[in-house]
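Overview (structure and organization)
In case you want the letters, here they are:
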Amino acid sequence: MDLNYTPEQEAFRQEVRHFLQDNLPADIRERMGKRLRHNKDMTVRWQQILHKQGWGASSWPVEFGGPGWDEVRQLIFEEECAMAGAPRQLDFGLRMVAPVIMKFGSDEQKDRHLPGILDGSVWWSQGYSEPGSGSDLASLRTTARREGEYYIVNGQKTWTTLGQYGDWIFCLVRTNDEVKSQEGISFLLIDMETPGIDVRPIIMLDGEHEVNDVFFDNVKVPVENLVGEEDKGWTYAKYLLGHERTGLANVGQWKTMMRRLKEIAREEQDDGKPIIENTRFRDRLAQLDTELRALEITVLRVLTASSDPGPEASILKIRGTEIGQQLFELAMEATGHNAIAHIPDALEPDYDGPLVGSHNAVPAAGDYFNMRKLSIFGGSNEIQRNIITKLVLGL
Amino acid sequence: MNFDLTGEQRMLQDSLRRFLANEYTFDKRREYINSGKSTDDGIWSAFAEMGLLAYTFPEENDGLGGNAIDTMLVMESFGRALVTEPYLATVVLAGGLIRDNGSDAQKAAILPAIASGEKRMAFAHYEQGARYNLSYVNTSAKSEGNGYVLNGSKAAVIHGYQAHQLIASARTSGNTRDENGLSLFLVDAGADGVTIRDFPAHDGFRTAEVTLNNVKVGVDALVGAADQAFAAIEKVIDQGTAALCAEAVGAMDAMVEATVEYTQTRKQFGVPIARFQVLQHRMADMFIQAQQGRSMAIVAAAYADSDDREARREAISQAKLLIGQGARLVGQAGVQLHGGMGVTDEMWASHLFKRLTLVNLLFGDSDYHLAKVSEALLAKLA
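Residues numbered from 1 in each chain as written. Chains lettered and ligands numbered in written order. Predicted model: local features only at pLDDT ≥ 70, side-chain atom pairs only at ≥ 80, totals over all residues. Heavy atoms only, no water.

Observations concerning the interface of chain B and chain A
Each partner contributes residues to the interface: chain B has 50 residues there, and chain A has 49 residues. Roughly 4100 Å² of surface becomes buried between chain B and chain A when both sides are summed, with 58% attributable to carbon and sulfur atoms. Contact with chain A buries area across many residues of chain B, yet R131(B), H202(B) and V343(B) alone supply 18% of it, more than any other trio. A salt bridge links R284(A) to D367(B); its shortest N-O distance comes to 2.8 Å. At the junction of chain B with chain A, the criterion picks out 27 residue pairs in polar contact (both at pLDDT 80 or more). (Contact = heavy atoms within 4.5 Å. Buried area = accessible area lost by both parts, 1.4 Å probe. Salt bridge = Lys/Arg side-chain N within 4 Å of Asp/Glu carboxyl O. Polar contact = N/O pair within 3.5 Å; in protein donor to acceptor, adjacent residues only side chain to side chain.)

Shown next, in the form of structure tokens:
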């Protein structure tokens, strides 16, 4: 039992830190530090920089161009990136479709798709949820009908995050409706340039365009874009969701936000004094800091366990998202009634108009509103609790 | 003990709710907000015709002689429909200050003009750095000739830019946190040296920052006695807090209803999600919070007009404490139970959630009011 990182791990941390100091562009650092609006350019540019270093895909094995790091190194890498103000890499390609292609895809699919994910030249989107299929994903109704060497896809996907930039989309589609719902699903890779695909924005409660509806109207998809076997897509989807849940703990990002929150607590004024001097506020910050520490250790315990993370990963999703939401709630409350003003233009770096209070107030309420999604997506926290009760506690 | 409304109060409530259901729909509300003013002349005139703008003013000033219970009924209905009109700013805050502290001439000039819908006003009090402390005022008013010269900045001025006239607090003597030395002044929005920066709020309302740069006002602009305005400020913020509590109760009720309805229509795993017990219990908790909130909104309204400062302050802070917490729980749970739809701009629930969130940040959040309740308890037991 030793809570310290090994000297090798600490040396690795220093190496990553130095790289970030030298290579993370200042404009991206500023956008992230002030929590300004994300854009495609910053994500792509950063991916290219990491790729040049050979660190484009921290979780990939060496044979596919990854650095071959173990779980702890991956965590250190992510944490250092977040703390330095690097943008989050695009999970949809790197951590969702890529592991599925590596495990279940053909050699041709690996050769065709993995390099573009690694170098940032191809933007992937996720086509899982549908208007009638959220928590009950297996009830999905988008169909793919085989016609010669093509599947003809019809239906609608929703909550497609950043789908407005998408080059390719991986989709769960129904290929067989004569079997149990989980057994008739297939996993398709679809070029979003194909005729018949229509991406429409969904405006979120913070007024921002982050997610989309994607409509498929007789979209012709070559059969070679089927991953693995027809009707076996549910198995691949579950494999992918297992990967997603571990990532949802977001410890690196939350530690970064905690550091920012502590700065906010020193800067924002309450009766002419920093709000950190307000006992009630400070107690809540201290409580949250403690809970984040517990989460960090729980993540490390799960990641270093000899077996793959199983249903216990639901703990990470639940606590990770709840702690994240509380961080943004406290950041909003710290700015008090300055948070009520909504100045969307101030989310761009070139804004030089008036603010209400300090810059801390600019993203405060919008972030809090936006983060309500955390306990809903990726398997709602109610579903995660069901997983714990059924699969862990055996109830 | 009697919680019944009078026949007149029931009529007010019924007719207002009917009016809002027809004239203040989700789509129309969006238009009013997108106009950049968050207020609509037609709606405001209709409120005037219904007598809403006159309820709490004395009869000799074209008012109806009502009280904070009437305000509660109006605000609760507004909360159900998320009305963004400047009622709180104009009628409750500015109108309340003039009614309770104004000279006869001020009352005669202002209250009928508010009642008829001609005049919109706002209360410019809070300042940057103060957070919620009411005595933290640095804006100065120096006596000069036959009047005063005002200098300083005001923050979180609800509907400030939409007002024809402001009531601004300023320091005529004393230091930053002194309760003594505060005074209230009428300031025309268009007067020389007044800059009002208008901002949209996340909940569809408007908020403003006001800068006063050598603004000259006459002695007749002084509302109430010089140096003695703190009690008036505290009381009107209490009345505004009581009104906000009632608004939150209306919005909480609306969220409970919207959530119960949505979960009965949304199907997953072959059944309406309302069948899942974990969601049922969450809705039961939302309902409990809304009911507890309603009780405290009544307490707040019952004490809002009281001059027993300690009793009033305790009642108001207890109400805002529980209602701030309830608004948080009901808002968060409502969004959660709407699933992904709950975080989209197209759902009513997300708009209710945003208002319920920001209500907690106005006139002191739950932490602030817990501190007040706690201090009051200590004072009693010590």
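Now that the structure is up, let's keep going.
So, the domain arrangement of chain B
Residues and elements named next belong to chain B. What the domain assignment reports for chain B is domain 1 (7-119), domain 2 (123-228) and domain 3 (231-381). At the interface, 22 residues of domain 1 touch 19 residues of domain 2. A combined buried area of about 1500 Å² lies between domain 1 and domain 2, and 66% of that area is made up of carbon and sulfur atoms. Of all residues in domain 1, the largest losses of buried area upon contact with domain 2 belong to L97, Q106 and K119, amounting jointly to 29% of the total for that side. Across the contact surface, domain 1 and domain 2 share zero salt bridges. Across the domain 1-domain 2 interface, the total number found is eight residue pairs in polar contact (both at pLDDT 80 or more). (Domains from an automatic or database assignment.)

Considering the nonpolar core
Of all hydrophobic cores here, the largest spans 130 residues; its most connected members are F47(B), F78(B) and Y87(B). With 17 residues, the top contributor of residues to this core is helix α7 (residues 230-265) of chain B. With residues near it in sequence (within four places) discarded, F47(B) still touches L16(B), F19(B), L20(B), L52(B), L53(B), F78(B), V83(B) and E85(B). If you look at the next biggest cluster of nonpolar residues, it comprises 33 residues, including F64(A), M102(A), F170(A) and Y236(A). (Core = buried A, V, L, I, M, F, W, Y, C linked by side-chain atoms within 4.5 Å. Buried < 20%, exposed > 50% of the residue type's maximum accessible area, 1.4 Å probe, protein only. Helix = DSSP H or I, 4+ residues; strand = E, 2+ residues; numbered from the N terminus.)

Looking at a nonpolar patch on the surface
All names here are of chain A. A contiguous nonpolar patch, built from L391, V392, L393 and L395 and spanning about 430 Å² of accessible area, is present on the exposed surface. Along the chain, L393 turns up in the segment after α12 (381-392). Given a relative accessible area of 52%, L393 falls into the exposed group. (Patch = residues over 30% accessible without salt bridge, like charges linked within 9 Å, V, L, I, M, F, W, Y side chains within 5 Å. Areas by Shrake-Rupley, 256 points an atom, 1.4 Å probe, with all protein chains shown as cover.)

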